[in-house]
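Residues per chain are reported as follows:
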Amino acid sequence: MPHAHPAPAGPAWSEAGRRAVRDQARSTPEWEPWLGLLEIALTAAVQEVWQEIDVCLADVRPVGAPVLDGARITVPGSATDALVAALLRSASRANADAGSVPRAGDPAERLPGDSLTIVSAAIRQDRVALNHIAGVAGVEEGVLAAVAHFASLPLLLEAGRSAAARVPGDWRAGYCPVCAAWPTLVELRGLERRRVLRCGRCAAGWERDVLHCVFCGERDHRQQGTLVPEEGGELVRLETCRSCSGYLKSVTTLRPGPVWALPLEDLRTLELELTALDRGFQRPDQPAWPLDLALSSAPTPAARSPHGRTAPAS
Ligand SMILES: [Zn+2]
Ligand SMILES: [Zn+2]
């Protein structure tokens, strides 16, 4: 029976994570700005303030809905304000260094609305809303998309932890049972090579025991293929599907990858992914599920939600 393993593997950030990010920046210096954002987000994720978020899950959800669908989440004070501002300043500096002409002034002060709007749009994968905010603030759409993604990580990791106990044990969908993202990769775990899909946002893991496309459900093995790197052996490969032109990274591993390693995996296999794109494969550009989510901020770190209860702890 497939079953979910929603609890994230280890802390979101650690000294080992910091070393891995620095090593990656040395081997792919062109990705240093992106890695800088990752480091800011994961450093924030282990701060105490994020453990104070209050996740009120919906009692009833539609069939196929991830756990956070219908959730009401209260975030303490200005936690997201500080994080969005730090990320945006870092990304704008890097963009200016790369030759873009920045608009005068602090980009963080030009953002319309509050930072929760940006975090909410990122979690709901609402690209239209993010592009609108980018236009108003005079920030490049790609820059704001990256900032929004990283700004949502601490909340998603904490919400994922508190929602873990509510993930159905028989979750069958290809998308994340917690936050609706498509999986970042599939781990082929241990000697028995159990297939565990991992979410690169909330770090959830969920098992699939049959080899069928996570994106379109194709089961015909003649429609499925693999791309392996020219060098680097069999540990990393891309699984491709001719029916929907999707591809998914697979990583052979003995144990669950730590939370911080999931985003790094994307950089380690860039060349292989470029080959996939050249051959017409791509990742879905639409979210798998239209997540209904309400975020609000509480005035103090110890604030409780108006619902007066929290999700069961994992
Ligand atoms: Zn997720
Ligand atoms: Zn497919």
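In the block above lies the structure referred to throughout.
What comes next concerns the included structure. (Residues numbered from 1 in each chain as written. Chains lettered and ligands numbered in written order. Predicted model: local features only at pLDDT ≥ 70, side-chain atom pairs only at ≥ 80, totals over all residues. Heavy atoms only, no water.)

By the criterion of burial, helix H7 (residues 261–268) is predominantly enclosed, with 6 of the 8 residues buried. Of the residues making up H7, those classed as buried are Ala261, Leu262, Pro263, Leu264, Glu265 and Leu267. As for H7, its buried residues are in contact with helix H1 (15–27), helix H2 (32–45), strand E4 (185–189), strand E5 (194–198), strand E9 (247–253) and helix H8 (270–278). (Buried < 20%, exposed > 50% of the residue type's maximum accessible area, 1.4 Å probe, protein only. Helix = DSSP H or I, 4+ residues; strand = E, 2+ residues; numbered from the N terminus. Contact = heavy atoms within 4.5 Å.)

This brings us to the side chain of Glu207. Positionally, Glu207 belongs in strand E6 (residues 205–207). Engagement of the side chain of Glu207 in a polar contact is seen with the side chain of Arg194, the distance being 3.2 Å. (Polar contact = N/O pair within 3.5 Å; in protein donor to acceptor, adjacent residues only side chain to side chain.)

It is characteristic of soluble globular proteins that their nonpolar side chains tend to be buried jointly. Leu68, Ile73, Leu144, Leu155 and Cys179 are the most contacted members of the largest nonpolar core, which totals 88 residues. Ranked by the residues each element gives to this core, the list is headed by helix H6 (residues 141–163), at 12 residues. In this structure, Leu155 is in contact with Trp50, Ile53, Ile73, Val75, Val119, Ile123 and Leu295, ignoring residues within four places of it in sequence. Leu238, Leu272, Ala276 and Phe281 belong to the second-largest nonpolar core, a separate cluster that totals 6 residues. (Core = buried A, V, L, I, M, F, W, Y, C linked by side-chain atoms within 4.5 Å.)

This part is about the coordination of the zinc ion (ligand 2). Coordination of the zinc ion (ligand 2) by the protein is provided by Cys213 (SG), Cys216 (SG), Cys241 (SG) and Cys244 (SG), with metal-donor distances spanning 2.3 Å. Classification of the site at the zinc ion (ligand 2) rests on its 4 donor atoms, whose angles at the metal span 106 to 112°, yielding the label tetrahedral. We note that the donor set of the zinc ion (ligand 2) lies within a single chain, spaced as C-x2-C-x24-C-x2-C. In this pair, Cys216 sits in the loop between E6 and strand E7 (224–227) while Cys244 sits in the loop between strand E8 (236–241) and E9, placing the two residues 28 residues apart along the sequence. (Donors = N, O, S within 2.8 Å, 3.2 Å for Na, K, Ca; no water. Tetrahedral: all angles 85-135°; square planar, octahedral: opposite > 155°, others 65-115°.)

Let us look at H1. Here H1 is 13 residues long and its end C-alpha atoms lie 19 Å apart, about the 18 Å a rise of 1.5 Å per residue gives. Restricting attention to buried positions, one finds in H1 the residues Gly17, Ala20, Val21, Gln24 and Ala25. Looking straight down H1, one finds its buried side chains confined to an arc of 140°; they lie on one side. Across H1 from its buried face, at more than 90 degrees, point the exposed residues Arg26 and Ser27. Against the buried residues of H1 lie H2 and H7. (Expected span 1.5 Å × (residues − 1). Arc of directions from axis to C-beta.)

For E5, the buried fraction is high: 4 of the 5 residues fall into the buried class. Across 5 bridges, the pairing between E4 and E5 is antiparallel. Residue Leu185 lies in a different strand from E5, and its bridge partner there is Arg198. Between the antiparallel neighbours E4 and E5 lie 4 residues, among them Gly190 with a positive phi of about 70°. In this structure, E5 lies alongside E6, joined through 3 bridges in antiparallel fashion. Looking at E6, one finds that Val196 is bridged to Glu207. Between E5 and E6, which pair antiparallel and follow one another directly, the connecting turn spans 6 residues, one of which, Ala203, has a positive phi of 70°. (Pairing = 2+ DSSP bridges.)

All right, on to the packing of helix H3 (residues 79–97) against helix H4 (residues 115–123) then. Between H3 and H4, whose axes approach to 8 Å, the crossing angle comes to 80°. Between H3 and H4, the angle is such that the two are roughly perpendicular. Between H3, through Thr80, Asp81 and Val84, and H4, the contact on the second element is made entirely by Ser115, Leu116, Ile118 and Val119. Looking at side-chain class alone, the contact of H3 with H4 contains 4 nonpolar, 2 polar and 1 charged residues. (Axes fitted to C-alpha atoms, helices over the stretch in contact; angles between N-to-C directions. Parallel < 35°, antiparallel > 145°, perpendicular 65-115°, else oblique. Nonpolar A, V, L, I, M, F, W, Y, C, P; charged D, E, K, R; others polar.)

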